[in-house]
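Architecture and fold: a report
The lines below spell out each chain.
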Amino acid sequence: MSTDCQKTTAKAIPSTRRVTINDAAHMPHDYSTTPGGTLFSTTPGGTRIIYDRKFLLGCRSSPVAKTPPKGLPKIPGVTSPPSKDTDEKAHNGELLNNNITAPDSSSSTGDDSQFEMDI
Amino acid sequence: MNNKFDALKDDDSGDHDQDQGSPKDSEKEKAEDEDKEQNTSKKKMVVPGAGEHPLQYNYTFWYSRRTPGRPASTQSYEQNIKQIGSFASVEQFWRFYSHMIRPGDLTGHSDFHLFKEGIKPMWEDDANKMGGKWIIRLRKGLASRCWENLILAMLGEQFMVGEEICGAVVSVRFQEDIISIWNKTASDQATTARIRDTLRRVLNLPPNTIMEYKTHTDSIKYWRTLAPHTDNLCKSVRIDVLGDDESREGYLYVDSHCVI
């Protein structure tokens, strides 16, 4: 009767998983979680936060990732504004450094600031 | 929002300097840091910003360049190496990376180092001293892309060797560029093999690419052989010698043979 004895097909164990975030609400609420759960408790060495290249490159376009870091030492010919941004800002006649705060504040959400106040 | 995190960092300031390294190293590092405004306060706890993607480890970017024309014997490797900054999240990484020149565009004799926070890009650091590195020599024109792929793999924990990875270096030299990845335990063959295989995969190397594994103790011995007089020099002095080493060209760190 039971002829439903099917073979399951073997699949590779996924080593990475790609998750696209379109909304801040999809972000995890704590730092031990990554979007979509890229946490592996069974990798050698225990739990790791794993990102593949494509995901990392995707994060590059977030506004936060584009602002110059605070306290970036000025080393001539070494630390410099990114060429793309330079062009944009130069167009507006602004120095890149003047823009540190603007994109930053736009990226923060109300909830976050409250959380940070508690710290 | 950054300011709030800076406040956090301040709370935690004090002893950035890891227990590793000699006291002298720490002093030196501190002195150097104080020169750079702001740096001390943001040293230890860099934390991911709200909504950012945390990394498994915090990392620090370093830059070094051999000063041309200076008498090499007065050069100190540690003085020549500058911290660019530390980050804890993917976004923070891009902030630094996007504001740094690509290694292929560096001039002269320069290196970028990206090491886990708390590990100095030096053989003698406690995390490195039993370790070694895979090195790959690249013909000119490939360094920027390979470096990016290498560090993305490192930050994204693609190597799957637990705590073993210490950091990565790209060295711009006259005729070629060199990238290397350092790990803690040179004698751990399973680890070094896994790193090698991951390197091949993430760098998409042609099958005939030569990859070399060097232990740091060998590197140190090599320099001592070339510069036997260094026994007379005190700690932290590096001697210029003839020869070429990928990341440490021209320097020798004299560790325990200090005779002042």
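Per an unreviewed UniProt entry, chain B is named Eukaryotic translation initiation factor 4E type 2, and its organism is Perca flavescens. According to its UniProt record, chain B has this under Sequence similarities (unreviewed entry): "Belongs to the eukaryotic initiation factor 4E family." Listed under Subcellular location (unreviewed entry) in UniProt, the entry text for chain B is "Cytoplasm, P-body".

By the naming in an unreviewed UniProt entry, chain A is Eukaryotic translation initiation factor 4E-binding protein 1, taken from Perca flavescens. As its UniProt record puts it under Sequence similarities (unreviewed entry), chain A is described as follows: "Belongs to the eIF4E-binding protein family."

We now examine the overall build of chain B. Looking only at helices and strands, one finds seven helices and seven strands in chain B. Along its sequence from the N terminus, chain B presents helices and strands in the succession α-α-β-α-β-α-β-β-α-β-β-α-β-α. Out of the 260 residues belonging to chain B, those deemed buried represent 60%. Restricting to contacts in chain B with at least 6 residues of sequence separation, those with at least 24 account for 74%.

A low pLDDT score tells you not to read the predicted coordinates there in detail. All names here are of chain A. Mean pLDDT over chain A works out to 61, with 34% of the residues at or above the 70 mark. Ranking the helices and strands of chain A by mean pLDDT puts helix α1 (residues 53–59) first, with 93, and helix α4 (residues 101–107) last, with 37. The model gives residues 83–119 a pLDDT under 50, and that stretch makes 36 contacts with residues more than four places away or in other chains.

Residue and element names in this part refer to chain B. Secondary-structure assignment places R173 in the loop between β5 (165–172) and β6 (176–183). The class for R173 is buried, based on a relative accessible area of 5%. R173 sits 63 residues away from S110 along the chain, and the two C-alpha atoms are 7.2 Å apart.

Glancing now at the nonpolar core. All names here are of chain B. Ranked by size, the top nonpolar core spans 50 residues in total, and within it F61, W147, F159 and L199 carry the most contacts. With nine residues, the top contributor of residues to this core is helix α5 (residues 143–155). Setting aside residues up to four positions removed in sequence, W147 forms contacts with F61, Y97, P103, F112, H113, L114, A168, V169 and V170.

What follows covers the sheet that holds strand β4 (residues 132–139) of chain B. Residue and element names in this part refer to chain B. If you trace the seven strands from one edge of the open sheet to the other, you get β2-β1-β3-β5-β6-β4-β7, paired in antiparallel fashion. The open sheet has two free edges, formed respectively by β2 (81–89) and β7 (211–215), since each of these has just one partner strand. The sheet shows a mean angle of 20 degrees between the axes of neighbouring strands, direction not considered. The sheet contact formed by β4 and β7 spans five bridges and is antiparallel. Bridging from a neighbouring strand, W134 pairs with Y213 of β7. On the sheet, α5 packs against β1 (54–65), β2, β3 (110–116), β4, β5 and β6 and is oriented at approximately 170 degrees with respect to β5.

Moving on, we come to the packing of α5 of chain B against helix α6 (residues 189–203) of chain B. All names here are of chain B. For the pair α5 and α6, the least separation of the axes is 9 Å and the interaxial angle reads 125 degrees. With respect to their mutual orientation, α5 and α6 come out oblique. As for how α5 packs across α6, the hand of that crossing is right-handed. Contacts between α5 and α6 involve C146, N149, L150 and A153 on the former and, on the latter, L199, V202 and L203. A per-class count over the contact of α5 with α6 returns six nonpolar, one polar and no charged.

Residues and elements named next belong to chain B. Despite not being glycine, M160 shows a phi value in the positive range, around 55 degrees. Relative to the helices and strands, M160 resides in the loop between α5 and β5. In this model, N204 sits at a positive phi of 55 degrees, which is unusual for a non-glycine residue. Inspection of the secondary structure puts N204 in the loop between α6 and β7.

We now examine the side chain of T191 of chain B. Residue and element names in this part refer to chain B. Relative to the assigned elements, T191 resides in helix α6. Using a relative accessible area of 9% as the deciding quantity, one classes T191 as buried. A polar contact of 2.6 Å, which involves the side chain of T191, links it to the side chain of D188. Not counting residues up to four positions away in its chain, the partners in contact with T191 are V161, E164 and N183.

Inspection of the entire model under this criterion finds 10 salt bridges over all chains. Note that R196 of chain B and D197 of chain B form a salt bridge whose closest N and O atoms lie 3.1 Å from each other. A residue is classified by how much of its surface remains accessible, and D197 of chain B, at 39% relative accessible area, is partly exposed. When salt bridges with common partners are traced through the structure, they connect R48 of chain A together with E157 and E163 of chain B into a single cluster.

All names here are of chain B. Given a rise of 1.5 Å per residue, 15 residues ought to cover 21 Å, and the 21 Å separating the end C-alpha atoms of α6 matches this to within 8%. Residues T191, T192, I195, T198, L199, V202 and L203 constitute the buried set of α6. Summarising the axial view, the buried residues of α6 lie within an arc of 125 degrees, below the 170-degree limit, and thus occupy one face. Turned more than 90 degrees away from the buried face of α6, the exposed residues are Q189, A190 and R201. Its buried side turned inward, α6 meets β4, α5, β5, β6 and β7. The first or second residue beyond α6 is N204, which carries a positive phi of 55 degrees.

Analysis parameters
- Residues numbered from 1 in each chain as written.
- Chains lettered and ligands numbered in written order.
- Predicted model: local features only at pLDDT ≥ 70, side-chain atom pairs only at ≥ 80, totals over all residues.
- Heavy atoms only, no water.
- UniProt positions renumbered as here; feature names shortened; annotations may be inferred.
- Helix = DSSP H or I, 4+ residues; strand = E, 2+ residues; numbered from the N terminus.
- Buried < 20%, exposed > 50% of the residue type's maximum accessible area, 1.4 Å probe, protein only.
- Contact = heavy atoms within 4.5 Å.
- pLDDT = per-residue confidence, 0-100.
- Core = buried A, V, L, I, M, F, W, Y, C linked by side-chain atoms within 4.5 Å.
- Pairing = 2+ DSSP bridges.
- Axes fitted to C-alpha atoms, helices over the stretch in contact; angles between N-to-C directions.
- Parallel < 35°, antiparallel > 145°, perpendicular 65-115°, else oblique.
- Left-handed = near helix turned anticlockwise from the far one by under 90°.
- Nonpolar A, V, L, I, M, F, W, Y, C, P; charged D, E, K, R; others polar.
- Polar contact = N/O pair within 3.5 Å; in protein donor to acceptor, adjacent residues only side chain to side chain.
- Salt bridge = Lys/Arg side-chain N within 4 Å of Asp/Glu carboxyl O.
- Expected span 1.5 Å × (residues − 1).
- Arc of directions from axis to C-beta.

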